[in-house]
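Topology and contacts: notes
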Amino acid sequence: MVSNEFMFTIFYILVALCFIAPPREFVSAGLTVQNLLSNYLGSEDMDFTSYHLKRTTCTVVLHSLLPLGYYVGLGLVSLYNDYDNGLYILDPGRAGLAVNCFLLFCVGMAACGFTIARYWSWNNWNNHPFCKVLSKHGGPWRAVASSINIEFRRISKFSSIIGGTRLYITDSWIIKCTTYNIHIAHKPDVHMTIIATEDHDFSHESNMAVQYLNIQVSSINPSVKPFIIRLLSTDYGDLREKIQAPIRNARNIIIHQSLTDRFLEAFREQVELNEKFFLAETDEEPEPCIGCMQQASNIKLQKVCAPSDEGDCVTCFCRPMWCLECMGKWFASRQDQTRPDTWLSSTSPCPTCRSHFCMLDVCVVSRR
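Model, not experiment: these values are computed from the prediction.

Things to note about the nonpolar core
Among the nonpolar cores identified, the biggest contains 22 residues, and F263, F267, I299, L301, M327 and V362 are the most heavily contacted of them. Secondary-structure elements contributing two or more residues to this core are α12 (259-273), β10 (299-301) and α13 (324-333). The leading source of residues in this core is α13, at 6 residues. Among the nonpolar cores identified, the runner-up in size contains 20 residues, and I169, A185, V190 and L213 belong to it.

What follows is the structure, encoded as structure tokens:
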């Protein structure tokens, strides 16, 4: 017969492991350090640096208390089953050498956790490893922290969450947040290299095959240690767009793109083969794309796939207002998401006037 002490041990180990590396169910239930201490930690969006200084410190303390919690819980379970046996565990004076050694270990772990927390928070957090990393980026760490806080509030940042690791890329910083540490690098100073991939036939989150990329971030600043970021291959396009710098792939690793990325690539190749739309000499330069406001409007829709009285496509009289990438994303969004095999041969309404067009009618704007 399995004893209650053994069952409690198995249960406590499982709960402790889930608390240290919380799965999706624990996160949904709010059983994380961030949620349990949310009132003390504050808002990550409003004060990123202070939030993670407190988060890492509280995480060390709570995790260091887990062995002591097991000792006390085991004693209470034994006390409930057998008064003498439970009292034997909870009373160091009556316990044996092995039990007292384990108790000493548990108390020592808790003491180490509180000592580390006290040392990190001493002198207004100047001893925290995160603050020491910030100070290596030129100037006092508080000035660097203020810059990070300002950029983190912007909605344009890139973010990726895999397990207990969070990756953020702002306009100037690459930030990796782990359970006990924060890695940071100044974006203009880094070189990024894809070093490995991990292919999984099944993902417990999406029930689909996934690919993870391991990318090494190396800084030209010798005081900043290299670190590795991990993200889904489907986020690779967004990462490159935010980095705006080459990411080396020295090993020629094949990256599995998302369905939309693959379609945009095919869309771009087809449009480059289509007829061009030439502006007249008197025409003004196209304005910025109204979709992204970053690229110039370089797309004009005109029916060239068939004679004017044939087919579903019609002539569009809108002036160029969209860039190639935004038009491709619009075209993909108007398709049947369950039938990607029909996308290339389908039509889409113009995002402005709703005139139907196909991929052959998308023309790049140019001058003679």
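Once you've had a look at it, read on.
Side note on the sheet that holds strand β6 (residues 210-219)
The 4 strands are arranged β7-β6-β5-β8 in an open sheet whose pairing can be described as mixed. This sheet does not close on itself; its edge strands, each paired only once, are β7 (227-232) and β8 (247-248). Both β6 and β7 contribute to a ladder of 6 bridges, which runs antiparallel. Counted as the bridge partner of N214 is R230 from β7.

Regarding the packing of aromatic side chains
The final tally for this structure, using the stated rule, is 14 aromatic pairs. Summarising the aromatic geometry, the rings of F8 and Y70 are spaced 5.9 Å apart at their centres and angled 10 degrees between planes, so their arrangement reads as stacked. Here the residue F8 occupies a position in helix α1 (residues 4-20), and Y70 occupies one in helix α6 (residues 66-81), the gap between them amounting to 62 residues. Both residues of the pair, F8 and Y70, count as buried. Aromatic rings pair up to connect F8, Y12, Y70, Y71, F102 and F105 into one cluster. Lying over the aromatic face of Y40, K54 brings its terminal NZ or CZ to 5.0 Å of the ring centre. The ring of F277 has K300 sitting right over it, with the charged end atom 5.5 Å from the ring centre.

Focus on a nonpolar patch on the surface
Residues F6, M7, I10 and L14 make up a contiguous nonpolar surface patch of about 390 Å² in total accessible area. Inspection of the secondary structure assignment puts M7 in helix α1. Residue classification places M7 among the partly exposed residues on the basis of a relative accessible area of 48%.

What to know about α13
Buried residues dominate α13, accounting for 7 of its 10 residues. Within the span of α13, buried status applies to L324, C326, M327, G328, W330, F331 and A332. Tucked into the core, α13 has its buried residues touching α12, β10, β11 (347-349) and β12 (356-358).

A few points about the UniProt feature "transmembrane region" (unreviewed entry) in the protein chain
Per the UniProt entry, the sites bearing "transmembrane region" (unreviewed entry) are residues 6-22, 60-80 and 95-117 in this numbering. Strand forms 0% of residues 6-22 and helix 88%; the C-alpha atoms that close the span are 23 Å apart.

Side note on the pattern of salt bridges
One pass over the structure, following the stated rule, counts 5 salt bridges. K242 serves as the salt-bridge partner of D171, at 2.9 Å between the closest nitrogen and oxygen. Of the two residues, D171 is situated in the loop between β2 (165-169) and β3 (173-177) and K242 in helix α11 (residues 236-243); the sequence distance between them amounts to 71 residues. Judged by its relative accessible area of 13%, K242 is buried. Across the salt bridge formed by E198 and R230, the nearest N and O atoms sit 2.8 Å from each other. Of the two residues, E198 is situated in strand β5 (residues 190-200) and R230 in strand β7; the sequence distance between them amounts to 32 residues. R230 gets classed as partly exposed once you look at its relative accessible area, which sits at 33%. One salt-bridge network, held together by shared partners, links R154, D171 and K242.

Looking at the side chain of E44
Inspection of the secondary structure puts E44 in the loop between α4 (38-41) and α5 (48-64). Buried charge without a partner: E44 forms no salt bridge, and the closest opposite charge is R166, 4.6 Å away. A distance of 3.2 Å separates the side chain of E44 from the side chain of Y168, its partner in a polar contact. With residues near it in sequence (within four places) discarded, E44 still touches Y51, H52, F152 and Y168.

Points about the sheet that holds β10
Think of a sheet as strands paired side by side through backbone hydrogen bonds, with each pair either parallel or antiparallel. Here we have 3 strands laid out as an open sheet, ordered β9-β13-β10, and mixed in their pairing. Of all strands in the sheet, those with a lone pairing partner are β9 (277-279) and β10, marking the two edges. Adjacent strand axes in the sheet meet at a mean angle of 45 degrees when their direction is disregarded. Where β10 lies against strand β13 (residues 362-367), 3 bridges are found, and the strand directions are antiparallel. Residue pairing for β13: I299 is matched across the bridge by V364.

About the cut-offs
Residues take numbers from 1 onward in each chain, read along the sequence in its written order. In keeping with the model being predicted, local features are shown solely for residues with a pLDDT of at least 70 and side-chain atom pairs are shown and tallied solely at 80 or more, while totals for entire chains, interfaces and linings include all residues. The basis for every side-chain value is the complete set of heavy atoms in the structure, and neither hydrogens nor water enter the calculation. Put simply, buried Ala, Val, Leu, Ile, Met, Phe, Trp, Tyr and Cys residues joined by side-chain atoms within 4.5 Å make one nonpolar core. Burial classification: accessible surface area is computed with a 1.4 Å probe over protein chains only, and a residue below 20% of its type maximum counts as buried, one above 50% as exposed, and the rest as partly exposed. Starting at the N terminus, helices and strands are each numbered in turn, a helix being any DSSP run of H or I of at least four residues and a strand any DSSP run of E of at least two. Each pair of strands is called paired provided DSSP finds at least two bridges between the two strands. Only the six-membered ring of Trp is used, alongside the rings of Phe and Tyr, when aromatic pairs are assigned; centres must lie within 6.5 Å, and planes under 30 degrees apart are stacked while those over 60 apart are edge-to-face, with the rest tilted. For a ring to carry a charge above it, either NZ of a lysine or CZ of an arginine must fall within 6 Å of the ring centroid while also lying within 35 degrees of the normal to the ring plane. Candidates for patches are residues over 30% relative accessible area with no salt bridge; among them, like charges are joined within 9 Å and nonpolar side chains (Val, Leu, Ile, Met, Phe, Trp, Tyr) within 5 Å. Using a 1.4 Å probe, the Shrake-Rupley method yields the accessible areas, and only the shown protein chains count as cover for residues. For this analysis, a salt bridge means a side-chain nitrogen from Lys or Arg found within 4 Å of a carboxyl oxygen belonging to Asp or Glu. Should any heavy atoms of two residues lie within 4.5 Å, those residues are counted as being in contact. UniProt positions are given in the numbering used here, feature names are shortened, and annotations may be inferred rather than shown by experiment. A residue counts as positive if it is Lys or Arg and as negative if it is Asp or Glu; His and the chain ends are not included. Side-chain atoms alone can form a polar contact between residues adjacent in sequence; in general such a contact is a pair of N or O atoms within 3.5 Å, and within protein one must be able to donate a hydrogen while the other accepts it. To obtain an axis, a line is fitted to C-alpha atoms, over the contacting stretch when the element is a helix, and the angle between two such axes runs from 0 to 180 degrees between their N-to-C directions.

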